[in-house]
Amino acid sequence: MNSPLRKKLLGLLFAFFLCVISQAIQPVQSYASLPDELQVFAGRQADVHLAVPAASSAVVDRPDIVGFDGKETAVHVTKQQPLHLHPQQTGRAKLTLKLWGKIPVKTVNVNVIPDLRVVPGGQTIGVKVKSAGILVVGHHLVRSGQDERVSPGESAGIKLGDLITHMDGKRLDGVSGVAEAVELAGKSKKGIDVVLKRGKETVKTRLTPAYDAEDKAWRLGLYIRDSAAGVGTLTFYAPDQGVYGALGHVITDMNTQTSIVVGSGQIVQSNVTSISKSESGDPGEKRAHFLKESKILGNIERNTAFGIFGKMSGNPEHSLYSKGIPVAFSHEVKEGPAEILTVVEGQQVERFSIDIVHVADQSEPATKGLVLRITDPKLLDKTGGIVQGMSGSPIVQNGKLIGAVTHVFVNDPKSGYGCFIEWMLQDAGVMMKKEHAKNLKAG
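The name an unreviewed UniProt entry gives the chain is SpoIVB peptidase, with Paenibacillus taichungensis as the organism.

Have a look at this one:
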């Protein structure tokens, strides 16, 4: 065989192998993009989309827990049709995906959990929270002499955002306990042993009060706060567990921007009196007041990245739902039309149309899971878009609760972020976290 012909044949063989390899790599990459763990609800079909060639298959090891259409233990997979999973009962099964029906390329652990339904909220709520200690929100100078100004707190290394939990071994329940401790230490000319939380760190220091010559009183040189109040929106009520979730984002102190560690708190009925419309650069707000005759709707036990959570004894008034509706996992949420439930006047919850314009791929809890855009003419006319106080408004798509409104885009108030309801339900204790589920199964 002459040299030019040999080179031509080698070139054709090389091109052939490149085509074969590229065809093989594409489905393998698609498989690799799938999560290692998939949660589905018992008795409710789940669809898994795979961009793979027809010459692929899926096999389950426990068809009594998860099956396909009919009672097959193995089915062909195509890129035109999603893989239909039929969870039969709670438990765990392994779903193995095979290239060309023979080569195992991906195993997904399918965790089937009991079906879950919760009641979407939308009611405007008043939030009153007391921190688990005394929050430091600023330093100030004490005039202890003719020309001498000091801040004992700053000198002791206490920083903005620190949470003081104990003074001289006594747990602080409020700011009233601070004044007594400072007065006693000042008169006896002794320092105060202070324990504080700085993030996840516990810090101990000694603080010596200074006498304010102008006010004739002993001072710490600290601005402190033990409570906060505001307005938000109820996201859901879970009747079977007697708990609720609201806001969709963490409550932070307005001065220090640190998250508030909850000591105690309540959510109460609130009445929307007016709305300051959103404009570019100004997010606007709901103006509301707590009703004097308002009954307490629930307590506040936790303040997390996904909102506030606590106990609630019954479905609050003005709900659009008398019973629970299905919830969606993050992988079930799709771009397209949806609706939010919120109050724009008085206490009446209303439905408003939106579009989900982006869905983040989140297999683990993270904020900003959705980007949404308000499309409802009535809501745009009334509010200009998303306003402060609307955070926590439930998002419903295809009859399922999928998430909550969390933040507005300041320069485009018609748009904003939302979080997946899956993460809120985990923080509420309604839905088990994946790692916990694995540990229970292993045990």
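Next comes the rest of the account.
**Student:** Got a minute to help me understand empty space enclosed by the protein in this structure?
**Tutor:** Empty pockets left among the atoms are what a rolling probe the size of a water molecule brings to light. Counting across every chain of the model gives three cavities of 30 Å³ or more. Computed from the structure, the largest cavity encloses a volume of approximately 80 Å³. Class assignment of the residues belonging to the lining of the largest cavity gives a composition of two nonpolar, six polar and one charged. Of the voids in this model, the second largest cavity is the one considered here, and its volume is about 50 Å³. Lining the second largest cavity are Val 129, Ser 131, Leu 135, Arg 225, Asp 226, Ser 227, Ala 228, Asp 253 and Ile 260. The set of elements that each furnish at least two residues to the lining of the second largest cavity consists of strand E10 (124-139) and strand E19 (222-238). Among the elements that make up the lining of the second largest cavity, the one with the highest residue count is E19 (four residues).

**Student:** I keep staring at the nonpolar core and nothing clicks. Help me out?
**Tutor:** Burial of nonpolar side chains together is a common tendency in soluble globular proteins. By size, the foremost hydrophobic cluster in this structure holds 67 residues, and its most contacted members are Phe 236 and Ile 395. Core analysis: the second largest hydrophobic core is formed by 20 residues, Leu 38, Ala 42, Val 48 and Val 108 among them.

**Student:** How should I be thinking about the sheet that holds strand E6 (residues 83-87) in this particular structure?
**Tutor:** Strand pairing in a sheet relies on backbone hydrogen bonds, with the paired strands running either antiparallel or parallel. Read across the open sheet, the three strands follow the order E2-E6-E4; overall the sheet is antiparallel. If you trace the sheet from one side to the other, it starts and ends with strand E2 (46-48) and strand E4 (66-67), each paired once. Strand direction decides the pairing type here: E2 and E6, joined by three bridges, are antiparallel. Note that in E6 the partner of Ala 46 across the bridge is Leu 85.

Thresholds, definitions, all that
Residues numbered from 1 in each chain as written. Predicted model: local features only at pLDDT ≥ 70, side-chain atom pairs only at ≥ 80, totals over all residues. Heavy atoms only, no water. 1 Å grid on protein atoms, 1.4 Å probe; cavity = no way out; pocket = protein on both sides within 12 Å on 5 of 7 lines; lining within 4 Å. Points joined across faces, edges and corners; volume = space filled by probe spheres on them. Nonpolar A, V, L, I, M, F, W, Y, C, P; charged D, E, K, R; others polar. Helix = DSSP H or I, 4+ residues; strand = E, 2+ residues; numbered from the N terminus. Core = buried A, V, L, I, M, F, W, Y, C linked by side-chain atoms within 4.5 Å. Buried < 20%, exposed > 50% of the residue type's maximum accessible area, 1.4 Å probe, protein only. Pairing = 2+ DSSP bridges.

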